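An overview of the molecular structure
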Amino acid sequence: MRVFLRAVAVCSQREFAPFHRGTVAKFLPPKEDLVVFCSLTEAQQKLYVETCRNNDLSSFVKISHLKKIVNHPCMLEIDDGSGGKGKKDYRARPTPFDYSQSGKMLAMMDLLQSVKSASSDKFVLISNFTSTLDLFQKMLDQHKLSWVRLDGSANANKRQGIVDSFNGDPSCFAFLLS
């Protein structure tokens, strides 16, 4: 099985500004899209097939589960056998986080490490899911790659400071954005 990974890499020493898309384009080099096809790991393949075959799930729930599986299998809730009362969130799993259980995460880490070793470029990693940013954060921490994060939980009056931190610190490698 193969999964589509769309890595949008903004590699530049220029500043990133949180404005309207048209305004941001003035500050950034042209966007480079890199399309990489990633194989699912064994764990992902097993969960993917099980989910597809599960007729107890609605189509909407199936699609939601499949999206989580292709990002990382740990994004699915764990049933602890208590009849649904004790479900635990993936974030409750112990660290270290094993990103090698995801073909997409392995490909992303390979890309990040190859750029890091060859240049001083930076990355902006964007996801619609903050839970995916949580996983990126753990992966970057394991490789001692510095990052800043801006998502909906960031206080409005602190957002510019987060952007300034990314722009002003040459050692800050990644900007996690949702």
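Notes on the structure follow. (Residues numbered from 1 in each chain as written. Predicted model: local features only at pLDDT ≥ 70, side-chain atom pairs only at ≥ 80, totals over all residues. Heavy atoms only, no water.)

**Notes on the overall build of the protein chain**
When helices and strands are tallied, the protein chain shows six helices and five strands. Walking the protein chain from its N terminus toward its C terminus, one meets helices and strands in the order β-α-β-α-α-α-β-α-β-α-β. Out of the 178 residues belonging to the protein chain, those deemed buried represent 37%. For the protein chain, restricting intrachain contacts to residue pairs at least 6 apart in sequence, the fraction spanning at least 24 positions comes to 67%. Working note: accessible area of the protein chain is about 10700 Å², and carbon and sulfur atoms make up 52% of it. (Helix = DSSP H or I, 4+ residues; strand = E, 2+ residues; numbered from the N terminus. Buried < 20%, exposed > 50% of the residue type's maximum accessible area, 1.4 Å probe, protein only. Contact = heavy atoms within 4.5 Å. Areas by Shrake-Rupley, 256 points an atom, 1.4 Å probe, with all protein chains shown as cover.)

**So, the side chain of S102**
Summarising the element assignment, S102 is placed in the loop between helix 3 (59–71) and helix 4 (103–118). Within the structure, the side chain of S102 is placed 2.6 Å from the backbone oxygen of N71, a separation counted as a polar contact. Aside from chain neighbours lying at most four places away, what touches S102 is T41, Q44, V70, N71, H72 and P73. (Polar contact = N/O pair within 3.5 Å; in protein donor to acceptor, adjacent residues only side chain to side chain.)

**Examining the packing of aromatic side chains**
This model, assessed by the stated rule, comprises two aromatic pairs. Where F123 meets F173, the ring centres are 5.6 Å apart and the plane angle is 50°; that geometry is what we call tilted. A residue pair is termed long-range when its members are at least 10 positions apart, and F123 in strand 3 (residues 123–126) and F173 in strand 5 (residues 172–177) qualify at 50 residues. F123 sits in the buried class, given a relative accessible area of 1%. F173 gets classed as buried once you look at its relative accessible area, which sits at 2%. A ring pair is formed by F166 and F175, whose centres lie 5.2 Å apart and whose planes are at 70°; its orientation type is edge-to-face. Considered together, F166 and F175 belong to a single accessibility category, that of buried residues. (Phe/Tyr/Trp six-rings, centres within 6.5 Å; stacked < 30°, edge-to-face > 60°.)

**Topic: the pattern of salt bridges**
Across all of its chains, the model carries two salt bridges by this definition. In this structure, the salt-bridge partner of D134 is R149, at a minimum N-O distance of 2.7 Å. With D134 in helix 5 (residues 130–142) and R149 in strand 4 (residues 146–150), this pair connects stretches of sequence that are 15 residues apart. Across the pair R149 and D151 runs a salt bridge whose closest N-O atoms are separated by 2.7 Å. (Salt bridge = Lys/Arg side-chain N within 4 Å of Asp/Glu carboxyl O.)

**A short note on the sheet that holds strand 4**
Pairing between sheet strands relies on hydrogen bonds along the backbone, with the strands arranged either parallel or antiparallel. Spatial ordering of the open sheet is given by 3-5-4, a layout of three strands whose pairing is parallel. Of all the strands in the sheet, the pair left with one neighbour each is strand 3 and strand 4. Between one strand axis and the next, the sheet turns by 25° as a mean value, whatever way the strands run. Direction of pairing for strand 3 relative to strand 5: parallel, over a ladder of four bridges. Considered in strand 5, the bridge of L125 is made with L176. Packing of helix 4 onto the sheet brings it into contact with strand 3 and strand 5, and relative to strand 3 it is tilted by some 165°. (Pairing = 2+ DSSP bridges. Axes fitted to C-alpha atoms, helices over the stretch in contact; angles between N-to-C directions.)

**Some details on the packing of helix 4 against helix 5**
One can describe the packing of helix 4 onto helix 5 by two numbers: an axis separation of 11 Å at closest approach and a directional angle of 50°. Here helix 4 lies oblique to helix 5, going by the angle between them. Remark: the crossing between helix 4 and helix 5 carries right-handed chirality. For the pair formed by helix 4 and helix 5, the contact residues are M105, M108, M109 and L112 on the first element and L135, F136, M139 and L140 on the second. Here the residues of the contact of helix 4 with helix 5 sort into eight nonpolar, no polar and no charged. (Parallel < 35°, antiparallel > 145°, perpendicular 65-115°, else oblique. Left-handed = near helix turned anticlockwise from the far one by under 90°. Nonpolar A, V, L, I, M, F, W, Y, C, P; charged D, E, K, R; others polar.)

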